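# Inside the fold
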Amino acid sequence: MPELPEVEVTRQGISPYLIDNKVTNLTVRNGKLRWPVPDIAQQIVGQVIRDVRRRAKYLLIDTDAGTTIIHLGMSGSLRLVSVGTPVEKHDHIDLALASGRILRLNDPRRFGAWLWCELPEQAHPLLSKLGPEPLLSQFNADYLFDALKNKKKAIKLCLMDNHIVVGVGNIYANEALFFAGIHPQTPAGHIDIERLRILVANIKEILKNAIKQGGTTLKDFTNAEGKPGYFAQKLHVYGRGGQACTHCGHLLSEIKLGQRASVFCPVCQTL
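One structure accompanies this document, and this report is about it. Everything numeric here is computed off the predicted structure, so don't read it as measured data. (Residues numbered from 1 in each chain as written. Predicted model: local features only at pLDDT ≥ 70, side-chain atom pairs only at ≥ 80, totals over all residues. Heavy atoms only, no water.)

## So, the sheet that holds strand S5 (residues 77-82)
Selection rule: The rule for pairing is simple: two strands pair if DSSP sees at least two bridges between them. For the purposes of this entry, the term helix denotes a DSSP run of H or I that reaches at least four residues, the term strand denotes a run of E that reaches at least two, and both are numbered from the N terminus. For helices, the fitted line uses only the C-alpha atoms of the stretch in contact; every axis is such a line through C-alpha atoms, and the angle between N-to-C directions lies from 0 to 180 degrees. It only takes one pair of heavy atoms within 4.5 Å for two residues to be counted as in contact.
The strand order S1-S6-S7-S5 describes an open sheet built from four strands, whose pairing is antiparallel. The two strands at the open ends of the sheet, each matched to only one other strand, are strand S1 (23-28) and S5. Within the sheet, the average angular offset between the axes of one strand and its neighbour, ignoring direction, is 20°. Strand direction decides the pairing type here: S5 and strand S7 (residues 101-106), joined by six bridges, are antiparallel. Paired with Leu 78 across the two strands is Leu 105, which belongs to S7. Against the sheet, helix H1 (residues 4-18) contacts S5, strand S6 (91-97) and S7, and its axis sits at roughly 30° relative to S5.

The structure is reproduced here in structure tokens:
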């Protein structure tokens with residue numbers, strides 16, 4: 001599943017082509033995604049796109065009439081193509097623009113979403129109970145200390161709880177805990193404020209670096225190669241169970257937490 005950096009790189013890639021552009025058509029070839037795609041052509045055609053934002057892993061395309069909410073699901077991607085570009089298998093939705101470009105959603109597994117909200121998007125059920133964005137100032141050690149107080153749940157699971165903080169995801173939770181020296185099974189409420197300061201700083205740094213790397217790797221969203229996917233990154237623990245720790249050389253351990261793989265160094269990361 002695309003994580004926050006992949007979604008943010010997608011937002012950055014498509015924004016210049018969408019903002020201030022008028023929507024001329026909406027084509028839905030297959031509306032059977034995670035939730036049925038609503039019939040919104042009447043609402044959106046003729047509207048000018050005012051902004052393209054991200055909330056957690058959702059992309060928000062704003063017009064005066066309302067907001068399109070897009071989620072890429074497990075395998076979805078967005079790319080910009082010219083009018084007349086042949087439709088490929090799994091190209092489910094086209095948003096045509098006055099510029100002659102089309103924003104095209106491809107989603108082989110159809111776990112993504114294309115929804116519509118006329119209220120402030122904060123009121124939408126998918127967005128109303130989300131925690132703070134990890135890259136904003138609201139996500140800090142003091143906030144996290146209060147949010148984790150008395151929690152016995154493993155810290156790794158708390159970092160992946162969107163009610164606590166959005167968009168950290170499995171890959172980046174593994175990496176941040178490694179650099180903070182915190183064992184993924186540590187009861188969240190047992191971590192003192194100073195260790196949380198280190199953890200928060202690492203989460204922010206790792207996500208920023210991933211976004212920067214993605215922007216370098218995916219330079220072009222205007223052709224078939226401009227798909228987000230997972231871009232090349234140097235990962236220190238995720239996907240490296242049984243290999244040598246990059247810090248101490250000890251073999252990395254791998255366990256399952258919440259049905260997701262957790263890789264850590266039993267020497268560098270303490271409970």
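Now, onward.
## Thoughts on the packing of aromatic side chains
Note the following rule: Only the six-membered ring of Trp is used, alongside the rings of Phe and Tyr, when aromatic pairs are assigned; centres must lie within 6.5 Å, and planes under 30 degrees apart are stacked while those over 60 apart are edge-to-face, with the rest tilted. Each residue's exposure class comes from its accessible area (1.4 Å probe, protein chains only) as a fraction of the maximum for that residue type: buried when under 20%, exposed when over 50%, partly exposed otherwise.
Using the criterion set out here, one finds two aromatic pairs in the structure. Taken together, a centroid distance of 6.3 Å and an interplanar angle of 65° make the contact between Phe 139 and Tyr 143 edge-to-face. Given a relative accessible area of 0%, Phe 139 falls into the buried group. Tyr 143 gets classed as partly exposed once you look at its relative accessible area, which sits at 24%. Residues Phe 178 and Phe 179 carry aromatic rings whose centres are separated by 5.2 Å and whose planes lie at 75° to one another, so their mutual orientation is edge-to-face. On the basis of relative accessibility, which here comes to 33%, the residue Phe 179 falls in the partly exposed class.

## Quick notes on the side chain of Asn 170
The cut-off we apply is this: We call two N or O atoms a polar contact when they sit within 3.5 Å, provided that within protein one can donate a hydrogen and the other can accept it, with sequence-adjacent residues counted only if both atoms are side-chain atoms.
One can find Asn 170 in helix H5 (residues 169-180). Using a relative accessible area of 3% as the deciding quantity, one classes Asn 170 as buried. In this structure the side chain of Asn 170 is engaged in a polar contact, spanning 3.3 Å, whose partner is the backbone oxygen of Ala 261.

## Some words on helix H3 (residues 141-148)
The condition is simple: Here the arc refers to the set of directions running from the helix axis out to each C-beta atom.
Inspection of H3 places Ala 141, Leu 144 and Leu 148 among the buried residues, and these make up the whole buried set. Buried residues along H3 cover an arc of 65° about the axis, so they all sit on one side. N-capping of H3 is provided by Asn 140, with a side-chain oxygen placed 3.2 Å from the backbone N of Asp 142.

## With respect to the nonpolar core
Convention followed: For this analysis, a nonpolar core means a set of buried residues of the types Ala, Val, Leu, Ile, Met, Phe, Trp, Tyr and Cys, connected via side-chain atoms within 4.5 Å.
Ranked by size, the top nonpolar core spans 26 residues in total, and within it Leu 144, Leu 148, Ile 155, Leu 199 and Ile 203 carry the most contacts. Residue assignment for this core shows that the elements contributing at least two residues are H3, helix H4 (155-159), H5 and helix H6 (193-217). If you tally residues by element for this core, the top one is H6, at seven residues.

## Some remarks on the sheet that holds strand S4 (residues 67-71)
Strand order in this open sheet of four strands is S2-S3-S4-S8, and the pairing throughout is antiparallel. Strand pairing shows two members of the sheet lacking a second neighbour, strand S2 (51-55) and strand S8 (113-117), which therefore form its edges. Going from strand to strand, the sheet's axes swing by 25° on average, the running direction of each strand aside. Direction of pairing for S4 relative to S8: antiparallel, over a ladder of five bridges. Considered in S8, the bridge of Thr 67 is made with Cys 117. Taken strand by strand, H1 contacts S2 and strand S3 (58-62), and its axis lies near 175° from that of S2.

## Things to note about the pattern of salt bridges
Note the cut-off: When a carboxyl oxygen of Asp or Glu lies within 4 Å of a side-chain nitrogen of Lys or Arg, that pair is called a salt bridge.
Per the counting criterion, the structure on display carries 17 salt bridges. A salt bridge links Arg 11 to Glu 8, with the nearest nitrogen and oxygen atoms 2.9 Å apart. Of the two residues, Arg 11 and Glu 8 are both situated in helix H1; the distance of three residues between them amounts to about one turn of the helix. Between Arg 53 and Glu 121 there is a salt bridge whose closest N-O contact spans 3.0 Å. Here the residue Arg 53 occupies a position in strand S2, and Glu 121 occupies one in the loop between S8 and H3, the gap between them amounting to 68 residues. You can call Arg 53 partly exposed: its relative accessible area is 24%. Here the residues in one salt-bridge network are Arg 29, Arg 79, Glu 88, Asp 91, Asp 94 and Arg 104, joined through shared partners.

## Quick notes on the environment of Leu 159
With respect to the element layout, Leu 159 can be found in helix H4. Given the relative accessible area of 1%, Leu 159 is considered buried.

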